Amino acid sequence: MVCFAFSIVRLIAPKKPNPEKLTSYECGEEPTGSAWLPFNSRFYVIALVFLLFDVEMVFIFPWAVVFGSHEINKVDPRWGALSLTEMFIFLGILILGLAYVWAKGDLDWIKPKPVTPIADTSIPQSLYDKLNADQSAYQVKAFEPEPQPATQTVTTTAAPDQPVPIRKPMFKPTFKKPGNE
């Protein structure tokens, strides 16, 4: 079915490649530099732990089918007790793994600890509180664009006071981070 779906898409989909479509895409910016950069390993560890527990949860569904099946339990009632014991062992191993990862510190994300600056000043705290209250009560006016004239007056030596249409820039600016090239 997968191969059939891919072949249908290949037949139906439009094929109009151009250089813009063939470039790599990184959040709307042009990629610069190499993709082989040092990467924080915590991303991988968190992803692997999530994947581990996500995949392990798939094994609970067959267990639920066996444990909840009245036909299997009628044939041999020990199946219910055996499947319940196996699930407790399975969940115990999962909980031990989670406790190990937690104790090892792999679930702790690096968070900055805020430091409140302390300065020796003679300014009372009430003045700071009043200033903060005044700043938080500030209301931003709604934006209303002013109508712009379509032409502007440019004084030239050939034809003074002739209206000249405003021209848009003829280039597309690219934003590259310095030092990343």
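Use the structure listed above.
Thresholds, definitions, all that
- Residues numbered from 1 in each chain as written.
- Predicted model: local features only at pLDDT ≥ 70, side-chain atom pairs only at ≥ 80, totals over all residues.
- Heavy atoms only, no water.
- Helix = DSSP H or I, 4+ residues; strand = E, 2+ residues; numbered from the N terminus.
- Buried < 20%, exposed > 50% of the residue type's maximum accessible area, 1.4 Å probe, protein only.
- Axes fitted to C-alpha atoms, helices over the stretch in contact; angles between N-to-C directions.
- Parallel < 35°, antiparallel > 145°, perpendicular 65-115°, else oblique.
- Contact = heavy atoms within 4.5 Å.
- Nonpolar A, V, L, I, M, F, W, Y, C, P; charged D, E, K, R; others polar.
- Left-handed = near helix turned anticlockwise from the far one by under 90°.
- Salt bridge = Lys/Arg side-chain N within 4 Å of Asp/Glu carboxyl O.
- Patch = residues over 30% accessible without salt bridge, like charges linked within 9 Å, V, L, I, M, F, W, Y side chains within 5 Å.
- Areas by Shrake-Rupley, 256 points an atom, 1.4 Å probe, with all protein chains shown as cover.
- Expected span 1.5 Å × (residues − 1).

Visitor: Explanation requested: the overall build of the chain in the structure shown.
Guide: Scanning the chain for helices and strands turns up seven helices and two strands. Counting from the amino terminus, helix and strand elements in the chain follow one another as α-α-α-α-α-α-α-β-β. Expressed as a percentage of the 181 residues in the chain, the buried residues total 6%.

Visitor: Got a minute to help me understand the packing of helix 3 (residues 41-58) against helix 4 (residues 60-68) in this structure?
Guide: Angle between the axes and distance between the axes are the two parameters that describe a pair of packed helices. Two elements in contact, helix 3 and helix 4, have axes whose closest approach is 4 Å; the angle formed by their N-to-C orientations is 25 degrees. As summarised for this structure, helix 3 and helix 4 are arranged roughly parallel, according to the angle between their axes. Residues Glu56, Met57 and Val58 of helix 3 form the contact with helix 4, whose participating residues are Ile60, Phe61 and Pro62. A class-by-class count of the residues in the contact of helix 3 with helix 4 yields five nonpolar, no polar and one charged.

Visitor: Help me understand the packing of helix 4 against helix 6 (residues 78-104) in this model?
Guide: Viewed as axis vectors pointing N to C, helix 4 and helix 6 meet at an angle of 155 degrees, and their least axial separation amounts to 9 Å. The pairing of helix 4 with helix 6 is recorded here as roughly antiparallel in orientation. In this structure, helix 4 meets helix 6 at a crossing whose hand is left-handed. Contact with helix 4, carried on its side by Ile60, Trp63, Val66 and Phe67, involves Gly80, Ser83, Leu84, Met87, Phe90 and Leu91 of helix 6 and no other residues of that element.

Visitor: In this structure, what is going on with the pattern of salt bridges? I would like to understand it.
Guide: Two side chains of opposite charge can pair, provided their charged atoms sit close to one another. Using the criterion set out here, one finds two salt bridges in the structure. Residues Asp76 and Arg78 are paired through a salt bridge, measuring 3.0 Å at the closest nitrogen-oxygen approach. For Asp134, the salt bridge identified is with Lys130, shortest N-O distance 3.1 Å. In this pair, Asp134 and Lys130 both sit in helix 7 (residues 125-136), four residues apart, roughly one turn of the helix.

Visitor: When you look at a nonpolar patch on the surface in this model, what are you seeing that I'm missing?
Guide: On the surface, Leu48, Phe50, Leu51, Val55 and Phe59 cluster together into a nonpolar patch covering about 540 Å² of accessible area. Turning to its location among the elements, Phe59 is positioned in the loop between helix 3 and helix 4.

Visitor: What should I look at first to understand helix 6 in this one?
Guide: Side chains three or four residues apart in an α-helix point the same way, a direct result of the helix having 3.6 residues per turn. Compared with an ideal rise of 1.5 Å per residue, which puts 27 residues at 39 Å, helix 6 spans 39 Å between its outermost C-alpha atoms and is within 8% of the ideal. Buried residues in helix 6 make contact with helix 3, helix 4 and helix 5 (70-75). Looking one or two places after helix 6, you find Gly105, whose phi comes out positive at around 95 degrees.

Visitor: Just checking my understanding: could you explain helix 7 for this structure?
Guide: Spanning twelve residues, helix 7 covers 17 Å between terminal C-alpha atoms, matching the ideal 16 Å at 1.5 Å per step. With zero of its twelve residues buried, helix 7 lies for the most part at the surface.

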